[in-house]
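# Secondary and tertiary structure notes
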Amino acid sequence: MRFILLPLVLILLFFIERAIYKKLWRKALNVSVVFSEKTIREGDGVKVMEKSENRKRLPLSFVSIEWSLERLCNQYKEGDKPFAVSSSFSLPSFSSVKRNKTINGLKRGIYTINNGRITSTDLFSLENYIYPLYSGSRLFVFPERKEAFSSSYAYRGFLGTVLSRKMNQEDPFEIKGIRPYFPTDSMRVVNWKASAKTGSLKVNQYEWTTDESVMVILDLSKGEEEEKETLIKYVSSFCSLMLKRGVSLSLVSNGRHYEDGNRVKVDEGSGIGHIDSIDRALSAVKVFSSQDSSSRFLNEILHNELKCVPVLFAVSVEEEESEDFFSLSKKEGAIFLLYGREGERVFVLEEEDEKRD
């Protein structure tokens, strides 16, 4: 009788064990996969941090974590393999496992952790249990900076002209000090409190500011992928250098944003914090999507009188297009055309008056 009952008991325990694992394996099992940074520069490395916790008495003899990277702004080219990771380990009762994976060589773009899944088994590894893994972590890979650009004749010539054209005026929000009143001063700048204390009229003395600004126009309608990527790197370098010099700057491109398909655009701003906004926008540009032609794009941007200096970045510019650019921008005075193609001259800087000669 015992020999009959023993196999029945073992079979019963086997099915109970499978039922328990099937029902409880996901309970109190927490798995997270996140980037260690939110933003990095192209060429830098980043860590992906895995953390798995089993907060229950039921041990897990086998756990597998799988995930891959997805580049949102551009599709992988034919022959490229998405970066995929798989790791396996065991999780005893009330234990945790932490692992870091360093990823290098990411190109400009926005990356997410996708196609994730958690796999486990029962004690005898006879049945697999699979559950999707959602990360939600997002990484911005900013364009690489072209350090040599800061010493180029094109940049130094353009910067000198912009800075010399700054229209200095008093900033009514920044008071530098107080000075005696002069007959030519407006009564609006009189500091009545200081005047009452000293018994003579005193006026506020303000810091100087500028209303000069630059509009960066990024034309991605021509060129191969690598040429466009190089152009975006130069745009990022140029914007960073100008903003560090205190120049107010905006960005507009016929390149499309990966999320809504609209043109990439960043409103005018200044300061170091604005560099981050520019780089985030450049990270989201799709170079494979169809863009408006150069002539149509420039006509739409420059059809109204501008209150800023337009700077055009393009892989190549036809003579007719450059003439259109100068004629549409002529009300701004000394306008510059900046464009580049690797293999030819990296940058050409031409002034409007020189172009007409």
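Read on for an overview of the structure. In this text, all values refer to a predicted model and were calculated from it rather than measured experimentally.

So, about the overall build of the protein chain. Regarding its fold elements, the protein chain presents eight helices and 18 strands. In the protein chain, which comprises 357 residues, the share counted as buried stands at 45%. Partitioning the intrachain contacts of the protein chain with sequence separation of at least 6 by distance along the chain shows that 73% fall at a separation of at least 24. When the accessible surface of the protein chain is totalled, it reaches about 19,900 Å², and 51% of it is carbon and sulfur.

A few words now on the packing of helix 4 (residues 225-244) against helix 5 (residues 272-283). It is the contact of helix 4 with helix 5, at a shortest axis distance of 9 Å, that shows an interaxial angle of 165°. When the axis of helix 4 is compared with that of helix 5, the two are roughly antiparallel. Along this stretch, helix 4 crosses helix 5, giving a crossing that reads as right-handed. Across the interface between the two elements, Ile232, Val235, Ser236, Cys239, Ser240, Leu243 and Lys244 of helix 4 pack against Ile272, His274, Ile275, Ile278, Asp279 and Leu282 of helix 5. When its residues are assigned to classes, the contact of helix 4 with helix 5 shows eight nonpolar, three polar and two charged.

Now for the nonpolar core. One finds Phe35, Ile65, Trp67, Leu69, Leu106, Ile118 and Leu139 to be the most contacted residues of the largest nonpolar core, which totals 28 residues. Sorting the residues of this core by element identifies strand 1 (29-35), strand 3 (46-54), strand 4 (60-71), strand 5 (84-91), strand 6 (95-103), strand 7 (109-121), strand 8 (128-133) and strand 9 (138-142) as the ones contributing at least two each. The element best represented in this core is strand 4, accounting for five residues. If you look at the next biggest cluster of nonpolar residues, it comprises 27 residues, including Phe238, Cys239, Val247 and Leu249.

In this section: the layout of surface pockets. Taken as a whole, the second largest pocket spans an internal volume of roughly 240 Å³. Lining of the second largest pocket is provided by 14 residues; of these, Met215, Ser250, Val252, Lys265 and Cys308 occupy positions nearest its centre. Contributions of two or more residues to the lining of the second largest pocket are made by strand 12 (213-219), strand 13 (248-257) and strand 14 (263-269). For the lining of the second largest pocket, the element with the highest residue contribution is strand 14, accounting for four residues. Counted by class, the lining of the second largest pocket contains eight nonpolar, two polar and four charged residues.

Further remarks concern the pairing of strand 9. Across the five residues that make up strand 9, a large majority, four, are buried. Across three bridges, the pairing between strand 2 (residues 39-41) and strand 9 is parallel. Residue pairing in the sheet places Arg41 in a bridge with Phe142 of strand 9. Judged from the four bridges that link them, strand 7 and strand 9 form a sheet pairing that is antiparallel. Counted as the bridge partner of Ile110 is Phe140 from strand 9.

For the rest of this paragraph, the subject is the sheet that holds strand 6. With antiparallel pairing, the three strands of this open sheet are ordered in space as 1-3-6. Of all the strands in the sheet, the pair left with one neighbour each is strand 1 and strand 6. The mean angle between the axes of side-by-side strands here comes to 10°, regardless of whether they run parallel or antiparallel. Where strand 3 meets strand 6, nine bridges bridge the pair, whose relative direction is antiparallel. By the bridge assignment, Glu50 is partnered in strand 6 with Arg99.

A separate point is the environment of Ile232. Here Ile232 is to be found in helix 4. With 124 residues separating them along the chain, Ile232 and Arg108 place their C-alpha atoms 9.4 Å apart. Beyond its immediate stretch of four places on either side in the chain, Ile232 contacts Arg108, Pro143, Leu218, Leu220, Leu282, Val285 and Val287.

What follows is about the pattern of salt bridges. Pairing between side chains of opposite charge can happen when the charged atoms of each approach one another. Inspection of every chain in the model, using the stated rule, returns ten salt bridges. In this structure, the salt-bridge partner of Arg55 is Glu53, at a minimum N-O distance of 3.1 Å. Linking Glu144 and Lys233 is a salt bridge whose minimum nitrogen-to-oxygen distance equals 3.3 Å. Separated by 89 residues along the polypeptide, Glu144 in the loop between strand 9 and helix 2 (153-164) and Lys233 in helix 4 bring together distant segments of the chain. One salt-bridge network, held together by shared partners, links Arg41, Arg145 and Asp279.

Bringing the side chain of Lys233 into the picture now. According to the relative accessible area criterion, Lys233 is buried, its value standing at 14%. With near-sequence residues (within four places) excluded, Lys233 lies in contact with Glu42, Pro143, Glu144 and Lys146.

What counts, and where the lines are drawn
Residues numbered from 1 in each chain as written. Predicted model: local features only at pLDDT ≥ 70, side-chain atom pairs only at ≥ 80, totals over all residues. Heavy atoms only, no water. Helix = DSSP H or I, 4+ residues; strand = E, 2+ residues; numbered from the N terminus. Buried < 20%, exposed > 50% of the residue type's maximum accessible area, 1.4 Å probe, protein only. Contact = heavy atoms within 4.5 Å. Areas by Shrake-Rupley, 256 points an atom, 1.4 Å probe, with all protein chains shown as cover. Axes fitted to C-alpha atoms, helices over the stretch in contact; angles between N-to-C directions. Parallel < 35°, antiparallel > 145°, perpendicular 65-115°, else oblique. Left-handed = near helix turned anticlockwise from the far one by under 90°. Nonpolar A, V, L, I, M, F, W, Y, C, P; charged D, E, K, R; others polar. Core = buried A, V, L, I, M, F, W, Y, C linked by side-chain atoms within 4.5 Å. 1 Å grid on protein atoms, 1.4 Å probe; cavity = no way out; pocket = protein on both sides within 12 Å on 5 of 7 lines; lining within 4 Å. Points joined across faces, edges and corners; volume = space filled by probe spheres on them. Pairing = 2+ DSSP bridges. Salt bridge = Lys/Arg side-chain N within 4 Å of Asp/Glu carboxyl O.

These results come straight from atomic positions and should not be treated as a statement about function.
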